[in-house]
Amino acid sequence: MTISVGLVGAGPWAEKVHAPMLSAGPHTRLTGVWARRPGAAAGFGVPVFERIEELFDSCEAVAFAVPPAVQAELGVRAAKEGKALLLEKPLAADLEGARRLADAVAEAGVPSQMVLTWRYSPATRAFLARVSAIEPFGGRAAHISGALLGSGFTSPWRLERGAILDVGPHMIDMLDAALGRVTAVRAHGNTRGWVGLLLEHEGGAVSEASLCMSVPGDKPPAAVEVYGKLGTEAMDGDRLGPDVFSVMLAEFAETVHGGGGHPLDAAHGLRLQEIISAAEEQLTRA
């Protein structure tokens with residue numbers, strides 16, 4: 001059940017994660033790369049296409065490793081060409097772009113799936129199964145790092161928008177999965193510094209998320225804790241394990257062959273973007 005996948009982008013994430021992951025199989029076969037700087041993809045070991053239409057012609061699915069605004073623009077084009085989409089988080093740079101992309105996916109009827117890596121970990125899935133048994137009513141999440149202080153993966157959009165747009169989708173998605181659909185958000189802080197979120201969930205649960213990517217020195221791993229009437233459950237980033245990407249690609253191949261229907265699709269990415277956009281608007285007004 002191998003699917004042919006073309007890669008859009010040739011930056012550090014594409015070089016170190018996406019290209020090796022897609023080339024490794026057994027569920028995917030990397031057919032080629034398109035990038036704004038073609039020379040950056042010269043060492044990927046696959047054809048480098050000058051025109052993105054040539055990439056579309058080479059594959060049945062497209063994976064993205066580009067800034068959110070570029071993903072929103074080119075994802076619409078790929079959907080219109082009937083290609084399945086493996087989409088990075090966040091879905092877009094803004095809510096308008098996310099809506100255009102989600103609408104294009106729905107209109108074309110193509111399969112889509114978000115790279116929300118925490119959700120593909122067997123340890124995460126075991127955690128969420130345990131959470132459902134403790135009658136949860138509250139929780140908290142923290143994703144604190146020094147990534148914006150200098151790393152090979154720092155990019156202009158991350159420096160401008162900070163942790164809420166970069167790691168925010170992971171933590172909001174985890175709290176949403178553990179405590180129920182997020183219905184409201186209140187935000188305080190600084191997008192390029194520390195951001196605190198208070199989330200309200202269907203059923204009455206409440207949670208908090210702390211996000212920052214500009215803290216020097218040693219930090220604990222990103223973590224999610226959930227509290228319920230019958231106990232407490234916790235999950236941290238050190239327990240994600242090595243199987244995340246293989247699980248994700250196996251499910252993506254199944255989604256593509258089945259014609260769609262994955263729970264972490266573009267519509268889910270849009271819902272996360274709505275929460276983040278509401279929080280960013282509050283931070284801007286503050």
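Definitions and cut-offs
- Residues numbered from 1 in each chain as written.
- Predicted model: local features only at pLDDT ≥ 70, side-chain atom pairs only at ≥ 80, totals over all residues.
- Heavy atoms only, no water.
- Pairing = 2+ DSSP bridges.
- Helix = DSSP H or I, 4+ residues; strand = E, 2+ residues; numbered from the N terminus.
- Buried < 20%, exposed > 50% of the residue type's maximum accessible area, 1.4 Å probe, protein only.
- Right-handed = clockwise from strand over helix to strand, strands pointing away.
- Axes fitted to C-alpha atoms, helices over the stretch in contact; angles between N-to-C directions.
- Parallel < 35°, antiparallel > 145°, perpendicular 65-115°, else oblique.
- Left-handed = near helix turned anticlockwise from the far one by under 90°.
- Contact = heavy atoms within 4.5 Å.
- Nonpolar A, V, L, I, M, F, W, Y, C, P; charged D, E, K, R; others polar.
- Salt bridge = Lys/Arg side-chain N within 4 Å of Asp/Glu carboxyl O.
- Arc of directions from axis to C-beta.
- Polar contact = N/O pair within 3.5 Å; in protein donor to acceptor, adjacent residues only side chain to side chain.
- Core = buried A, V, L, I, M, F, W, Y, C linked by side-chain atoms within 4.5 Å.

1. Digging into the sheet that holds strand S3 (residues 48–49)
Pairing is parallel in the open sheet, where 6 strands are placed in the order S3-S2-S1-S4-S5-S6. The open sheet has two free edges, formed respectively by S3 and strand S6 (112–114), since each of these has just one partner strand.

2. Side note on the pairing of strand S1 (residues 3–8)
Most of S1 sits out of view: 6 of its 6 residues are buried. Alternating positions in S1 separate into two faces, Ile3, Val5 and Leu7 on one and Ser4, Gly6 and Val8 on the other, with burial throughout. As paired elements, S1 and strand S2 (residues 28–34) share 6 bridges and run parallel to each other. When the sheet's bridge partners are listed, Val8 is paired in S2 with Trp34. Taking the sense of rotation as the criterion, the β-α-β connection linking S1, helix H1 (residues 12–24) and S2 turns out right-handed.

3. Description of the sheet that holds strand S7 (residues 136–144)
Within a sheet, adjacent strands bond to each other through the backbone by hydrogen bonds, running parallel or antiparallel. Reading across from one edge, S8-S9-S10-S7-S11-S12 is the order of the 6 strands in this open sheet, with mixed pairing throughout. At either end of the open sheet lies a strand with only one pairing partner, and these are strand S8 (182–189) and strand S12 (231–236). Along the sheet, successive strands turn relative to each other by an average axial angle of 15 degrees, direction set aside. Direction of pairing for strand S11 (residues 223–228) relative to S12: antiparallel, over a ladder of 6 bridges. Along S12, the bridge assignment pairs Val226 with Glu233.

4. Observations concerning the packing of H1 against helix H9 (residues 244–258)
Interaxial distance between H1 and H9 falls to 11 Å at its minimum, and their mutual angle equals 60 degrees. When the axis of H1 is compared with that of H9, the two are oblique. Both H1 and H9 take part in a crossing whose hand is right-handed. Across the interface between the two elements, Val17, Met21 and Leu22 of H1 pack against Phe245, Met248 and Leu249 of H9. Grouping the constituent residues of the contact of H1 with H9 by class yields 6 nonpolar, no polar and no charged.

5. Looking at the pattern of salt bridges
Working definition: two side chains of opposite charge can pair if their charged atoms are close together. Applying the stated criterion to the full structure yields 13 salt bridges. Here Asp166 ties to Lys89 by a salt bridge, and the two come within 2.6 Å at their closest N and O atoms. With Asp166 in helix H7 (residues 163–166) and Lys89 in the loop between strand S5 (84–87) and helix H4 (95–108), the pair connects residues that are 77 residues apart, well separated along the chain. Note on Asp166: relative accessible area 6%, which makes it buried. A network of salt bridges, in which partner residues are shared, links Arg51, Glu53 and Arg77.

6. Re the packing of H4 against helix H10 (residues 266–285)
With their axes 9 Å apart at the nearest point, H4 and H10 run at an angle of 165 degrees to one another. On the basis of their axis angle, the class for H4 and H10 is roughly antiparallel. The two elements H4 and H10 cross, and the hand of that crossing is left-handed. Where H4 approaches H10, its residues Leu95, Ala98, Arg99, Ala102 and Val105 are matched on the opposing element by Ala266, Leu270, Gln273, Glu274 and Ser277.

7. Thoughts on the environment of Arg37
As for its placement among the helices and strands, Arg37 is situated in the loop between S2 and S3. Since its relative accessible area comes to 56%, Arg37 is described here as exposed. Residues Arg37 and Asp103, 66 residues apart in the sequence, show an inter-C-alpha distance of 29 Å.

8. Things to note about helix H5 (residues 122–131)
Residues of H5 that are buried: Ala123, Thr124, Phe127, Leu128 and Val131. Down the axis of H5, the buried side of the element spans an arc of 135 degrees, and every buried residue falls inside it. As for H5, its buried residues are in contact with S7, helix H8 (168–179), S11 and S12. Where H5 begins, one side-chain oxygen reaches toward the backbone nitrogen of Ala123, 3.1 Å away; that side chain belongs to Ser121.

9. Points about the nonpolar core
The biggest cluster of nonpolar side chains holds 99 residues, and the ones touching the most others in it are Leu7, Val8, Phe44, Phe64, Leu85, Leu197 and Val224. Leave out the neighbours within four places in its chain, and Phe44 touches Leu7, Gly9, Ala10, Ala14, Glu15, Ala19 and Val33.

10. As for unusual backbone geometry
In this structure, the amide linkage connecting Gly25 to the following residue, Pro26, adopts the cis form with an omega of 0 degrees. Structurally, Pro26 is set in the loop between H1 and S2. Of the consecutive residues Lys89 and Pro90, the connecting peptide bond is found in the cis state with omega at -10 degrees. Position of Pro90 relative to the elements: it lies in the loop between S5 and H4. Look at Glu135: it is not a glycine, yet its phi comes out positive at around 50 degrees. Assignment of secondary structure puts Glu135 in the loop between H5 and S7. Owing to a relative accessible area of 44%, Glu135 belongs among the partly exposed residues under this scheme.

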